[in-house]
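A closer look at the structure
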Amino acid sequence: MISLLISKKLSYNDLQLHDLAIGCLLHDIGKLHSKETEHTEIGFSILRKVREISLLSAHIAYQHHERMDGTGYPRGIKGSEFLEIAQVCAVANLFETLISVENMPPHEAIEMIMTQNGIGYLPTVIQAFVRSVPPYTPGMKVALNNNMIAIVTRIESHIQRPVVRISSSKQEISLANNLNLMVSKVLTNEGLEKELHI
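Let me begin by describing the structure that accompanies this report. Nothing here was measured: the structure is a model prediction, and the numbers come from that model.

Here we look at the pairing of strand β2 (residues 149-154)
Here strand β1 (residues 141-144) runs beside β2; their pairing, made up of three bridges, is antiparallel. Looking at the pairing, Val 142 lines up with Ala 150 of β2. Relative to strand β3 (residues 163-166), β2 is paired through four bridges, and the arrangement is antiparallel. The partner of Val 152 across the bridge, within β3, is Val 164.

Encoded structure:
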């Protein structure tokens, strides 16, 4: 899903989008048969033998742990050898790992991915990612720079500036329309208790 959000900003044609979707859905198929570092090669071997799956989809699965600087795997390829469309899958996979395996809040995961601009991934891919994935998602509890506690309710006009509901007054405020307000901290339940002095 994240891969398709990113791809909307990169102007792929319908066939490329189809191949990207298939490659992303099946990118970890090799894990059914192998250890972590071998799964991309096993997955590529499986996918390229399926006539209904394009070679591009197979390469997306094959390259999703590569990096532009050559420090990825399985082949340690560099620069333009690392297909842009495979980088879309790679960035989405990295984001998903950061938020679900490493339990990193989305805004921190996005910041970490931004540090890979031009190093691990093409600037066009990183920029498309940042323009597509919201750092503050509905349901997230946040502290604002005016010391108010709020919950993110929705994303409207600006992906980086959500609508929040102030906990004390239940008033909804669009951060896109109130430029003097900003999220100063994302709160866990423990952090929320500290902020409210419970």
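More follows now that the structure is in view.
A short note on the side chain of Ser 57
Among the secondary structure elements, Ser 57 is positioned in helix α4 (residues 55-63). Residue classification places Ser 57 among the buried positions, given a relative accessible area of 1%.

Overview of the environment of Ile 113
Relative to the assigned elements, Ile 113 resides in helix α6 (residues 106-114). Remark: the alpha-carbon pair of Ile 113 and Phe 95, spanning 18 residues in sequence, is separated by 7.4 Å.

Description of the sheet that holds β1
The sheet built from five strands is open, its strands ordered β4-β3-β2-β1-β5 with antiparallel pairing. Among the strands making up the open sheet, the edge pair consists of β4 (172-174) and β5 (183-187). Sheet twist, expressed as the average angle between the axes of neighbouring strands with direction ignored, equals 40°. Looking at chain direction, β1 and β5 are connected through four bridges and run antiparallel. Across the sheet, the residue bridging to Val 142 is Val 186, located in β5.

A word on the nonpolar core
One broad rule of soluble globular proteins: the nonpolar side chains tend to lie buried together. Ile 6, Val 91 and Phe 129 are the most contacted members of the largest nonpolar core, which has 29 residues in total. With nine residues, helix α5 (residues 84-100) is the single largest residue contributor to this core. By size, the runner-up hydrophobic cluster in this structure holds twelve residues, among which are Ala 150, Val 152, Val 164 and Ile 173.

Topic: the pairing of β3
Moving residue by residue along a regular strand, the side chains alternate between the two faces of the sheet. Direction of pairing for β3 relative to β4: antiparallel, over a ladder of three bridges. The residue of β4 that forms the bridge with Val 164 is Ile 173. Counting the residues in the hairpin turn of β3 and β4 gives five residues, including Lys 170, whose phi is positive at 65°.

Some details on α4
Inspection of α4 places Ser 57, Ala 58, Ile 60, Ala 61, Tyr 62 and Gln 63 among the buried residues, and these make up the whole buried set. Of the surrounding secondary structure, the elements contacted by the buried residues of α4 are α2 (14-25), α3 (39-48) and α5.

Rules used throughout
Residues numbered from 1 in each chain as written. Predicted model: local features only at pLDDT ≥ 70, side-chain atom pairs only at ≥ 80, totals over all residues. Heavy atoms only, no water. Pairing = 2+ DSSP bridges. Helix = DSSP H or I, 4+ residues; strand = E, 2+ residues; numbered from the N terminus. Buried < 20%, exposed > 50% of the residue type's maximum accessible area, 1.4 Å probe, protein only. Axes fitted to C-alpha atoms, helices over the stretch in contact; angles between N-to-C directions. Core = buried A, V, L, I, M, F, W, Y, C linked by side-chain atoms within 4.5 Å. Contact = heavy atoms within 4.5 Å.

Everything listed is a geometric property; what it means functionally is a separate question.
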